[in-house]
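Each chain is listed here by its residues.
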Amino acid sequence: MNIPKSHPRFVSLQTREKLVKAFGSGLVAKEGLIAQGRGEALDYLIGEKTSKSAKKAISAAAYTLQNAKNPVISVNGNFAALCTPEIIKLSRILDAKIEVNLFYGPESRKKAIARLLKKSGAKEILGTDLKSARKLKGIDSARRIVDKDGIFSADVVLVPLEDGDRTIALKKAKKKVITFDLNPLSRTAQASDVTIVDNVTRAMKLLVKACKKKKVKPRYNNKEVLAESISEIKKNLKRRARLA
Ligand code: ATP
Ligand code: MG
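Just so you know, these numbers come straight off a predicted model, no measurement behind them. (Residues numbered from 1 in each chain as written. Chains lettered and ligands numbered in written order. Predicted model: local features only at pLDDT ≥ 70, side-chain atom pairs only at ≥ 80, totals over all residues. Heavy atoms only, no water.)

Visitor: Describe in detail the nonpolar core, supporting the description with residues and values.
Guide: Among the nonpolar cores identified, the biggest contains 47 residues, and Val75, Ile87, Leu90, Leu117, Ile196, Met204 and Leu207 are the most heavily contacted of them. No other element matches helix α4 (residues 77-94), which puts nine residues into this core. In this structure Ile196 touches Ala54, Ala57, Ile58, Ala61, Ile178, Thr179, Phe180, Asp181 and Ala203, once residues within four positions along its chain are discounted. (Core = buried A, V, L, I, M, F, W, Y, C linked by side-chain atoms within 4.5 Å. Buried < 20%, exposed > 50% of the residue type's maximum accessible area, 1.4 Å probe, protein only. Helix = DSSP H or I, 4+ residues; strand = E, 2+ residues; numbered from the N terminus. Contact = heavy atoms within 4.5 Å.)

Written out as structure tokens, the structure reads:
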């Protein structure tokens, strides 16, 4: 990579390289690389920095997670490739379970993700034991499997970079859903209770920090915060167009 570290694109390009490597080692699916492409384009539009609205969503997410009875962090290939240390820190701070839950892919990819998390210090990883598999209603069979001690019995689920069908199924199952999604218009962003419109590589670090401090209940409306994030994108584009 031939770009100075101080350049705003440096981190994005580093992230891209990380994902390509993780694809090579079987952690990330082809579809995960395509999702990364969509994410990069949207991150460009939000200015590759954490917005005010994303900070509000991070505070609300921290409060919701701190007050959950059975919080679960759902992990897919992209999330594991980008945020393993933060996933482990967050699960320790909140005493939250970690479940590998994939939209695409074979058991071998699930196992590779679980191995990476364990090697990095996670005690228990749910989602790979067929005996504790349960079915969520409302999505097709291969994609509805969750762990009985994890997502199936969770009250709050953190599902980063998640597909819309599955988010809607989690809502039907009466879960509170928190997501990281750079697309404020995606079905996941629209269906979740708290949508953090930011790159997971920046926002997970901030969420870990926020969860360390006891939060008071914020006044929070996800639809309003999503609308704010869209106006921030518009403003950013106008500003960039003037500079061009
Ligand atoms: P939906 O199914 O919710 O309608 P989709 O089919 O476009 O949306 P999915 O592949 O199902 O998208 O979900 C991945 C989402 O994650 C996309 O909205 C993408 O923009 C977002 N995304 C990709 N990379 C990142 C990242 N690093 N940080 C945050 N969000 C990301
Ligand atoms: Mg989708």
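Let's pick the thread back up.
Visitor: Which residues make up the environment of Gly32, and what values go with them?
Guide: Structurally, Gly32 can be placed in helix α2 (residues 30-46). Since its relative accessible area comes to 10%, Gly32 is described here as buried.

Visitor: Describe the site of ligand 1, listing the residues and the values that go with them.
Guide: Around ligand 1, the structure places 17 residues, and the nearest of them are Arg38, Gly164, Asp181, Arg187 and Asn199. At 2.9 Å from an oxygen atom of ligand 1 is found a side-chain nitrogen or oxygen belonging to Arg187. In the model, a nitrogen atom of ligand 1 is placed 3.0 Å from a nitrogen or oxygen of the Val200 main chain. When isolated, ligand 1 has an accessible area of 620 Å², and the protein chains bury 87% of it. (Near = heavy atom within 4 Å. Polar contact = N/O pair within 3.5 Å; in protein donor to acceptor, adjacent residues only side chain to side chain. Areas by Shrake-Rupley, 256 points an atom, 1.4 Å probe, with all protein chains shown as cover.)

Visitor: I'd love a proper account of the packing of α4 against helix α5 (residues 107-119), names of residues and values included.
Guide: In contact at an axis separation of 10 Å, α4 and α5 are set at 25 degrees when each is read in the N-to-C sense. In terms of orientation, α4 lies roughly parallel with respect to α5. Crossing of α4 against α5: the hand is right-handed. Contact with α4, carried on its side by Gly77, Ala80, Thr84, Ile87 and Ile88, involves Arg109, Ile113, Leu116 and Leu117 of α5 and no other residues of that element. For the contact of α4 with α5, a count of residues per class yields six nonpolar, two polar and one charged. (Axes fitted to C-alpha atoms, helices over the stretch in contact; angles between N-to-C directions. Parallel < 35°, antiparallel > 145°, perpendicular 65-115°, else oblique. Left-handed = near helix turned anticlockwise from the far one by under 90°. Nonpolar A, V, L, I, M, F, W, Y, C, P; charged D, E, K, R; others polar.)

Visitor: Let's hear about helix α1 (residues 10-24): which residues, and what values?
Guide: For α1, spanning 15 residues, the distance from its first C-alpha to its last is 21 Å, which sits close to the expected 21 Å at 1.5 Å a residue. A positive phi of about 80 degrees marks Gly26, the residue just after α1. (Expected span 1.5 Å × (residues − 1).)

Visitor: Account for unusual backbone geometry, with residues named and values stated.
Guide: Its identity as a non-glycine residue notwithstanding, Leu161 has a phi of 50 degrees, on the positive side. Residue classification places Leu161 among the partly exposed residues on the basis of a relative accessible area of 32%. The backbone of Lys174 sits at a positive phi, close to 70 degrees, despite the residue not being glycine. We classify Lys174 as exposed; its relative accessible area is 74%.

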